[in-house]
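# Overview (structure and organization)
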Amino acid sequence: MIPLPRPWLLASALLVGSAVGLLAGVALNVLVHSHSRVRPDLVIALVASIPSVIGLGTILLSGRRWVTMAGAFILGLAPGWLAVLVAIQAVSHA
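To start, this report covers the structure provided alongside it. Worth saying up front: this structure is predicted, and the values here are computed from it rather than measured.

### Comments concerning the overall build of the chain
Counting its regular elements, the chain contains 3 helices and 0 strands. In sequence order, the chain lays out its α and β elements as α-α-α. Along the three orthogonal principal directions, the C-alpha set of the chain runs to about 45 × 20 × 20 Å. The buried share of the chain, taken over its 94 residues, is 22%. Long-range contacts, defined as pairs at least 24 residues apart, comprise 79% of the intrachain contacts of the chain with a sequence gap of at least 6. Accessible area of the chain: about 6,400 Å², with a carbon and sulfur share of 76%.

Written as structure tokens, this is what we have:
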């Protein structure tokens, strides 16, 4: 059984994870974009899959409530980061 924290804590972890993902997406895009050229479709696939797999695995294998919250935070990174990359891809005329 997955130990669930209080609903407001779980929602807060997802929301903060999404905000951190948004900031991480902007910061890493500035760093990587100035140094090298990377295929955008590959980066979008990796950004969507890696935090999702790690976050879901953490939630499914958690034994404590705080670990479930950490998994929700990691799971929340993907939508924020993905939103930044998709917006950049949409406005770059590529």
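### Some remarks on helix 2 (residues 40-60)
Here helix 2 is 21 residues long and its end C-alpha atoms lie 30 Å apart, about the 30 Å a rise of 1.5 Å per residue gives. Within the span of helix 2, buried status applies to V47, P51, G55 and I59. For helix 2, the buried positions fall inside an angular range of 70° around the axis, keeping them on one side. Within helix 2, the exposed residues directed more than 90 degrees away from the buried face are V53 and L60.

### Things to note about a nonpolar patch on the surface
Nonpolar side chains collect at one region of the surface, where I2, L4, L60 and L61 lie side by side and expose about 440 Å² of accessible area between them. Its place among the elements puts L60 in helix 2.

### Overview of the side chain of T68
Tracing the backbone shows T68 in helix 3 (residues 65-91). If we skip the residues at most four places from it in the chain, T68 touches I2, P3, L4, P5, L10, I59 and S62.

### What to know about the environment of W66
Inspection of the secondary structure assignment puts W66 in helix 3. Take W66: its relative accessible area is 59%, and that puts it in the exposed class. Along the chain, W66 and A19 lie 47 residues apart, while their C-alpha atoms are 19 Å from each other.

### Points about the packing of helix 2 against helix 3
For the pair helix 2 and helix 3, the least separation of the axes is 7 Å and the interaxial angle reads 170°. In terms of axis orientation, helix 2 runs roughly antiparallel to helix 3. Every pair of crossing elements has a handedness; the one defined by helix 2 and helix 3 is left-handed.

### Remarks on the side chain of S62
Residue placement: S62 occurs in the loop between helix 2 and helix 3. Judged by relative accessible area, S62 falls into the buried class, the value being 9%. Polar contacts involving the side chain of S62 include one to the main-chain carbonyl oxygen of I59, which spans 3.0 Å. For S62, the residues in contact, after removing those within four places along its chain, are I2, P3, V67 and T68.

Rules used in this analysis
Residues numbered from 1 in each chain as written. Predicted model: local features only at pLDDT ≥ 70, side-chain atom pairs only at ≥ 80, totals over all residues. Heavy atoms only, no water. Helix = DSSP H or I, 4+ residues; strand = E, 2+ residues; numbered from the N terminus. Buried < 20%, exposed > 50% of the residue type's maximum accessible area, 1.4 Å probe, protein only. Contact = heavy atoms within 4.5 Å. Areas by Shrake-Rupley, 256 points an atom, 1.4 Å probe, with all protein chains shown as cover. Expected span 1.5 Å × (residues − 1). Arc of directions from axis to C-beta. Patch = residues over 30% accessible without salt bridge, like charges linked within 9 Å, V, L, I, M, F, W, Y side chains within 5 Å. Salt bridge = Lys/Arg side-chain N within 4 Å of Asp/Glu carboxyl O. Axes fitted to C-alpha atoms, helices over the stretch in contact; angles between N-to-C directions. Parallel < 35°, antiparallel > 145°, perpendicular 65-115°, else oblique. Left-handed = near helix turned anticlockwise from the far one by under 90°. Polar contact = N/O pair within 3.5 Å; in protein donor to acceptor, adjacent residues only side chain to side chain.

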